Amino acid sequence: MTKTLRLEPLSDNAALVAWQFLGQPLQDWPSWVQSNCSLQKDADGKFELRHERRSGTQIVYLGEWLVRDLDGGVDFYTDAEIWSRFAAKR
């Protein structure tokens, strides 16, 4: 099941959108993930998303989150990091 969350930083009021990579097929990814990432396998055969940035490639593994900010920037967080930095918007 694909689930997209709306998040609020705990220290700010900016709205964000988060998506957790659980091995979903490409067609189930949100459009902003499809346009920013590619699916590959690492040397051990594990699936990973690759997100190219000016600062270098970010690798997102199964269970990690991609977060899009208001400016269209994309960052990734582990499951523990996302809940310590953000609150789900209700």
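Note: the structure precedes this text.
## Some remarks on the overall build of the protein
Stage number 1. In terms of helices and strands, the protein carries two helices and eight strands.
Stage number 2. Order of helices (α) and strands (β) in the protein, N terminus to C terminus: β-β-α-β-β-β-β-β-α-β.
Stage number 3. Here the protein holds 90 residues, and 32% of them are scored as buried.

## Side note on the sheet that holds strand β5 (residues 56-61)
Stage number 1. Read across the open sheet, the three strands follow the order β3-β4-β5; overall the sheet is antiparallel. Taken across any chain shown, the strands that pair with only one partner, and hence form the sheet edges, are β3 (37-41) and β5. Taken over all neighbouring pairs, the strand axes of this sheet differ in orientation by 35 degrees on average, direction set aside.
Stage number 2. Across six bridges, strand β4 (residues 47-53) lies against β5 in antiparallel orientation.

## Considering the nonpolar core
Stage number 1. The biggest cluster of nonpolar side chains holds 11 residues, and these are V17, W19, F21, W29, W32, V33, C37, L49, V60, L66 and V74.
Stage number 2. Counting seven residues, the second largest nonpolar core, distinct from the first, contains A18, W65, Y77 and F86.

Conventions adopted
- Residues numbered from 1 in each chain as written.
- Predicted model: local features only at pLDDT ≥ 70, side-chain atom pairs only at ≥ 80, totals over all residues.
- Heavy atoms only, no water.
- Helix = DSSP H or I, 4+ residues; strand = E, 2+ residues; numbered from the N terminus.
- Buried < 20%, exposed > 50% of the residue type's maximum accessible area, 1.4 Å probe, protein only.
- Pairing = 2+ DSSP bridges.
- Axes fitted to C-alpha atoms, helices over the stretch in contact; angles between N-to-C directions.
- Core = buried A, V, L, I, M, F, W, Y, C linked by side-chain atoms within 4.5 Å.

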